[in-house]
Amino acid sequence: MTNSLDLKTEDNPYWESKWETLPEEELKALQLKRLKETIARAARAPFYQKVFKQNKIDPEKINSLDDLRRIPFTTKEDLREWYPYGFLTVPKEEIVRMHSSSGTTGRPTVVFYTKKDIDTWANLVARCMYMTGVRRKDVFQNMMGYGLFTGGLGFHYGAEKLGCLVIPAGPGNTKRQLFLMREFETTVVHIIPSYALYVAEVCKEEGIDPQKEFKLRIAFIGAEPHSEGIRQRIEAFFGIDAFNSYGLSEVNGPGVAFECPYKNGMHIWEDAYIVEVINPETLESVKEGEEGELVLTTLTREGMPLLRYRTRDLTKFLPGKCPCGRTHRRIDRITGRTDDMLIIKGVNIYPIQIERVLMSLPEVGSNYLIEVHKRPTGDELLIKVEVKSEIFQEDMRYLEGLRKKIAREVKEEILVTPKVELIEPNSLPRSQGKAQRVVIIE
Ligand code: AMP
Ligand code: ZN
């Protein structure tokens, strides 16, 4: 265990200086040591037994980080096919927790944790929170779903490990959230970015000025793709720092990659994961700095290690060293998932490209929906855009001008002209979990 190595004095910027600032060569040596342990352990799981046998891989002969490439990728389909216990390396009695991914299609993918896994995970989350400046004295309101989703309990345990006062608020019931924030002087929240914008709307409706009435200083925003524009809106309205938080249930949950105070990409914890970025078509590694699909090998998971797991998330490595002194590389904000891609009139489009344009326009409110209408003559794009309430009062000619401007600016980004419909603030349905930004209409 790594969490007792440091004296966590309030002015030490690191939760675990030794591991967070480990020189590159030592980090690689640590990865290799942990990789060998992980592979030996994985060889006990029925799925990896099959993989090793089929590919004639002798786990004892994986002797370098490059040797990892001889092992095939693990996919979400594999997790589904070997559902529920095919990835377990320990008897079921040693499992103390189950979570599942929030996917809505097909069988859920379930993940299992031993007691040690829960502790290792909590430590990673505590490391992330501490990195942004959260300390024991903070009051942490977790507005993520508690239950099968990892964002609730994952952060809860991390914040408790750090020593915060934790309010397990869960999502929704916005007026109660605001009450809790005021009453208990919440300083840190964890919230889905689309929901944070909704909370901002409710504050406006209720005449609440969060900068005067709350003690809020930090938000962790994650669980769904979001643009820099969304972060800036959240920061400006609440008068806080918002940090991007990335993770996925298959490899623990939150705590995989996280922004430091420099907000220049997310440090991905290389003592806990081996990170590859591949071209999803050729499956080869992309050149350093090119965008591709993130592939993760877990190095500290006991009950259910994963080797070369294809996350489907698209990102790239960012160059250079971070001034914060952490040696773990940084990845760029996730631009979407390989399966999010829309093909309209032969052009590949990611929803986040549309969001980036919308959020750069001050007239645009906090929510939007992309509809893809299937037509025999080719699919059409309709973007429903909530505008700010003061804009909605304007005359027809103004609104028509705005509508055309949005269509023009989106076209410049995606090369396809969308239809645009302006709608009243708060008229699109809100979800308590991840926002649904795209609907396909057959
Ligand atoms: P789940 O396993 O249900 O928690 O979902 C994990 C998925 O949510 C990831 O694979 C990403 O697609 C998405 N996700 C999580 N955090 C972020 C983030 N900070 N930015 C963009 N997408 C994210
Ligand atoms: Zn940094």
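If you're wondering where the values come from, they're calculated on a predicted model, not measured in any experiment.

Another aspect to go through is the coordination of the zinc ion (ligand 2). For the zinc ion (ligand 2), the full set of protein donor atoms is C260 (SG), H267 (NE2), C322 (SG) and C324 (SG), and the range of their distances to it is 2.1 to 2.3 Å. Between the four donor atoms coordinating the zinc ion (ligand 2), the angles at the centre fall across 102 to 118°, so the site counts as tetrahedral. Of note, the donors binding the zinc ion (ligand 2) are all from one chain and are spaced C-x6-H-x54-C-x1-C. Here the residue C260 occupies a position in the loop between β8 (253–259) and β9 (266–268), and C322 occupies one in the loop between β13 (317–318) and β14 (330–331), the gap between them amounting to 62 residues. Judged by relative accessible area, C260 falls into the buried class, the value being 0%.

What follows is about helix α7 (residues 174–183). For α7, the set of buried residues is T174, Q177, L178, L180 and M181. For α7, the buried positions fall inside an angular range of 160° around the axis, keeping them on one side. Along its buried surface, α7 packs onto β3 (139–142), β4 (165–167), β5 (188–191) and α8 (193–206). With its phi angle positive at about 50°, E185 sits one or two positions after the end of α7.

Right, let's get into the side chain of S249. In this structure, S249 sits in the loop between β7 (241–248) and β8. Look at S249 and you get buried, because its relative accessible area is 8%. A distance of 3.2 Å separates the side chain of S249 from the side chain of E250, its partner in a polar contact. Beyond its immediate stretch of four places on either side in the chain, S249 contacts S100, S101, V111, Y113 and T150.

Before going further, it helps to examine the environment of I221. Looking at the element boundaries, I221 is found in strand β6 (residues 218–222). The spatial distance from the C-alpha of I221 to the C-alpha of F243 is 6.0 Å, given a sequence separation of 22 residues. In this view, I221 contacts I191, P193, H226, R231, I234, A242, F243, N244 and S245; residues no more than four positions away in its chain are not counted.

Two elements in contact, helix α10 (residues 228–238) and helix α11 (residues 351–359), have axes whose closest approach is 8 Å; the angle formed by their N-to-C orientations is 40°. Classified by the angle between their axes, α10 and α11 sit oblique to one another. Within the contact between the two elements, α10 uses G229, I230 and R233 and α11 uses E355, L358 and M359. Residues that form the contact of α10 with α11 fall into these classes: three nonpolar, one polar and two charged.

What follows concerns the domain arrangement of the chain. If you check the domain split of the chain, you get domain 1 (1–338) and domain 2 (341–441). Each of domain 1 and domain 2 has a C-alpha centre, and the two are 30 Å apart. Each partner contributes to the interface: domain 1 provides 23 residues, whereas domain 2 provides 20 residues. Between domain 1 and domain 2, a total of about 1700 Å² is buried, with carbon and sulfur atoms accounting for 52% of that surface. Our count for the domain 1 to domain 2 interface comes out at zero salt bridges. Viewed at the interface, domain 2 and domain 1 are joined by nine residue pairs in polar contact (both at pLDDT 80 or more). Elements that contribute at least two residues to the side of domain 1 that touches domain 2 include exactly α8 and α10. Per-element accounting of the side of domain 1 that touches domain 2 gives the leading share, five residues, to α8. Along the lines of polarity and charge, the residues of the side of domain 1 that touches domain 2 split into nine nonpolar, nine polar and five charged.

Cut-off values and rules
Sequence positions are assigned chain by chain, starting from 1 and proceeding in written order. Following the order in which they are written, the chains are lettered starting with A and the ligands numbered starting with 1. Reporting in this predicted model follows two pLDDT cut-offs: at least 70 for local features of residues, and 80 or more for side-chain atom pairs to be given and counted; totals over whole chains, interfaces and linings ignore these cut-offs and use all residues. Note that the side-chain values use all heavy atoms of the structure and ignore hydrogens as well as water. Coordinating donors are taken as N, O and S atoms within 2.8 Å of the metal, stretched to 3.2 Å for Na, K and Ca; because water is absent from the atoms, sites can appear incomplete. Just to be clear on the cut-offs, tetrahedral is four donors with all angles between 85 and 135 degrees, square planar is four donors and octahedral six with opposite donors over 155 degrees apart and all others between 65 and 115, and anything else goes down as irregular. Numbered from the N terminus, helices here are DSSP runs of H or I no shorter than four residues, and strands are runs of E no shorter than two. Partly exposed residues are those whose accessible area sits between 20% and 50% of the maximum for their type, while under 20% is buried and over 50% is exposed, using a 1.4 Å probe and protein chains only. Along the arc lie the directions from the helix axis toward the C-beta atoms. Contacts: residue pairs with any heavy atoms within 4.5 Å of one another. As used in this structure description, the phrase polar contact means that two N or O atoms lie within 3.5 Å; if the pair is within protein, one of them must be able to donate a hydrogen and the other to accept it, and residues adjacent in sequence are counted only when both atoms belong to side chains. For every element, the axis is a line fit to its C-alpha atoms; helices are fit only across the contacting stretch, and the angle between N-to-C directions ranges from 0 to 180 degrees. An angle below 35 degrees is treated as roughly parallel, one above 145 as roughly antiparallel, one from 65 to 115 as roughly perpendicular, and anything else as oblique. Residue type decides the class: Asp, Glu, Lys and Arg count as charged, Ala, Val, Leu, Ile, Met, Phe, Trp, Tyr, Cys and Pro as nonpolar, and the leftover types, Gly among them, as polar. For the domains described, the bounds stem from an automatic or database domain assignment. Here the quantity called buried area is the total loss of accessible area, with a 1.4 Å probe, experienced by two parts when brought into contact, counted for both. Salt bridge criterion: a side-chain nitrogen from Lys or Arg within 4 Å of a carboxyl oxygen from Asp or Glu.

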